[in-house]
Amino acid sequence: MGVHALPEKEIVAIILYISMFLMILAVVLIVFFYFSRKKIIQKELEKIDLILQYQKEQLHAIIVTQEEERKRIAQDLHDDISSKLNIVSLNSHLLTAPNLTEAETAEITENIIALTTKALDNSRKIAHNLLPPVFEKFGLNAGIEELCEEFESSKSVKTHYKNEIDFDEKEIDRHLHVFRILQELMNNSIRHGKASEVWISFTDKDGINTCYYEDNGVGFDSSNAENQKGLGMKNIDSRISFLEGTIEISSKINNGINVSFTF
């Protein structure tokens, strides 16, 4: 028997149906890819918005921190320097008074010398807090050693410092952020943690500079995000962001704090 040929109309209809099916499939695929792409773009935009918001918060934290630092410096200058210089000025005018005895002149002169010496000492402390000369001249390792000595002598805290990294002197600008982070952590340990011991160590972990920090203070519940939103922690986050590093903080109530950050 011969093969039964389809009528021409049926062939045309089949071709038409297949063509329509392919067109509908193409439209469905185009619509699918359009909305998928739109969704991907929307997710990317949301991600960019989050990054911009985070950067905005970091910038705000830096600005607030700088303003707080300016207020503190202004207060120090007013309380420690201006007040003493005012008294020096008054004593200087007393020296011009007539009929002063030798003893009175000697007493006024002694007061002027004592006040001037204190004003000079305080001005050095203020300048030192802005940028320690040891850090500027000898780098991060020497700066941290001096920082530990200062805390031990004036804050009644025992410090343990160990360094296994040979810091590159050319990266002093980056190292200043590391120094400020440790300053902030140590101040928090004393002010809020009531710690009596602090441990700091630097090591090269898989080619990445890592700092480990620990204290034996009262600690806090690190699982509560609110506990890590203070101005000091925002300042630390800002510096870590600048260093393109990472930071991990863990703490429990009555069990001190453990911090590790890379830079």
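For the structure, see preceding data.
Residues numbered from 1 in each chain as written. Predicted model: local features only at pLDDT ≥ 70, side-chain atom pairs only at ≥ 80, totals over all residues. Heavy atoms only, no water.

1. Quick word on the overall build of the protein
Then comes step 1: If you tally the helices and strands in the protein, you get six helices and five strands.
Then comes step 2: Listing the helices and strands of the protein from first to last along the sequence gives α-α-α-α-β-α-β-β-α-β-β.
Then comes step 3: Looking at the 263 residues of the protein, the share that counts as buried comes to 28%.
Then comes step 4: Summing over all exposed atoms, the protein offers an accessible surface of approximately 18,300 Å²; the carbon and sulfur share of this is 58%. (Helix = DSSP H or I, 4+ residues; strand = E, 2+ residues; numbered from the N terminus. Buried < 20%, exposed > 50% of the residue type's maximum accessible area, 1.4 Å probe, protein only. Areas by Shrake-Rupley, 256 points an atom, 1.4 Å probe, with all protein chains shown as cover.)

2. Some thoughts on the sheet that holds strand S2 (residues 197-205)
Hydrogen bonds between backbone groups are what pair the strands of a sheet, and the pairing can be parallel or antiparallel.
Then comes step 1: In space, the five strands of this open sheet follow the order S1-S2-S3-S5-S4, with mixed pairing throughout. The open sheet has two free edges, formed respectively by strand S1 (158-163) and strand S4 (247-251), since each of these has just one partner strand. On average, adjacent strands in this sheet sit at an angle of 10 degrees to one another, irrespective of strand direction.
Then comes step 2: Bridge count between S4 and strand S5 (residues 257-262): five bridges; the pairing is antiparallel. Its bridge partner being in S5, Ser-250 is matched across the sheet by Asn-258.
Then comes step 3: Packed on one face of the sheet, helix H4 (residues 140-154) meets S1 and S2 and runs near 170 degrees to S1.
Then comes step 4: On top of the sheet, helix H5 (residues 172-191) reaches S1, S2, strand S3 (208-215) and S5; it is set at about 15 degrees to S3, its chief contact. (Pairing = 2+ DSSP bridges. Axes fitted to C-alpha atoms, helices over the stretch in contact; angles between N-to-C directions. Contact = heavy atoms within 4.5 Å.)

3. Re the environment of His-192
Then comes step 1: Turning to its location among the elements, His-192 is positioned in the loop between H5 and S2.
Then comes step 2: You can call His-192 exposed: its relative accessible area is 52%.
Then comes step 3: Apart from residues lying up to four places away in sequence, His-192 is in contact with Asn-187 and Val-218.

4. As for the pairing of S2
Then comes step 1: In this sheet, S2 lies alongside S1 in parallel orientation, the contact comprising six bridges. Within S2, the residue paired with Thr-159 across the bridge is Val-198.
Then comes step 2: Handedness of the β-α-β unit built from S1, H5 and S2 comes out left-handed.
Then comes step 3: Pairing of S2 with S3, which is carried by eight bridges, proceeds in the antiparallel orientation. Within S3, the position partnered with Ile-200 by the bridge is Tyr-213. (Right-handed = clockwise from strand over helix to strand, strands pointing away.)

5. Notes on the environment of Ile-144
Then comes step 1: Mapped onto the elements of the fold, Ile-144 is located in helix H4.
Then comes step 2: Considering only alpha carbons, one finds Ile-144 and Pro-132, twelve residues apart in sequence, at a separation of 10.0 Å.
Then comes step 3: Those residues in contact with Ile-144 that lie beyond four places of it in its chain are Tyr-161, Phe-179, Leu-182 and Phe-202.

6. Quick notes on H4
Then comes step 1: With 15 residues, H4 should cover 21 Å at 1.5 Å per step; its first-to-last C-alpha distance of 21 Å lies within 8% of that length.
Then comes step 2: The complete set of buried residues in H4 reads Leu-140, Ala-142, Gly-143, Ile-144, Glu-146, Leu-147, Cys-148 and Phe-151. (Expected span 1.5 Å × (residues − 1).)

7. Some remarks on the packing of aromatic side chains
Remark: the centre distance and the inter-plane angle together describe each pair of aromatic rings, the angle taken between the planes.
Then comes step 1: A full pass over the atoms with the stated rule returns eight aromatic pairs.
Then comes step 2: Centre to centre, the rings of Phe-32 and Phe-33 are 5.5 Å apart; their planes meet at 70 degrees, and the pair counts as edge-to-face. This pair shows no difference in class: Phe-32 is exposed, exactly as Phe-33 is.
Then comes step 3: Judged by centre distance (6.2 Å) and plane angle (85 degrees), the rings of Tyr-161 and Phe-202 are edge-to-face. Of this pair, Tyr-161 sits in strand S1 while Phe-202 sits in strand S2, and the two are 41 residues apart along the sequence.
Then comes step 4: Exposure remark for Tyr-161: the relative accessible area of 21% places this residue in the partly exposed category.
Then comes step 5: The structure contains a cluster of three or more aromatic residues connected by ring pairs, namely Tyr-161, Phe-167, Phe-202, Phe-261 and Phe-263. (Phe/Tyr/Trp six-rings, centres within 6.5 Å; stacked < 30°, edge-to-face > 60°.)

8. Examining a negative patch on the surface
Then comes step 1: On the surface, Asp-166, Asp-168, Glu-169 and Glu-171 cluster together into a patch of negative charge.
Then comes step 2: You can see Glu-169 is positioned in the loop between S1 and H5.
Then comes step 3: Judged by its relative accessible area of 71%, Glu-169 is exposed. (Patch = residues over 30% accessible without salt bridge, like charges linked within 9 Å, V, L, I, M, F, W, Y side chains within 5 Å. Salt bridge = Lys/Arg side-chain N within 4 Å of Asp/Glu carboxyl O. Lys, Arg positive; Asp, Glu negative; His and termini not counted. Charge placed at Lys NZ, Arg CZ, Asp CG, Glu CD.)

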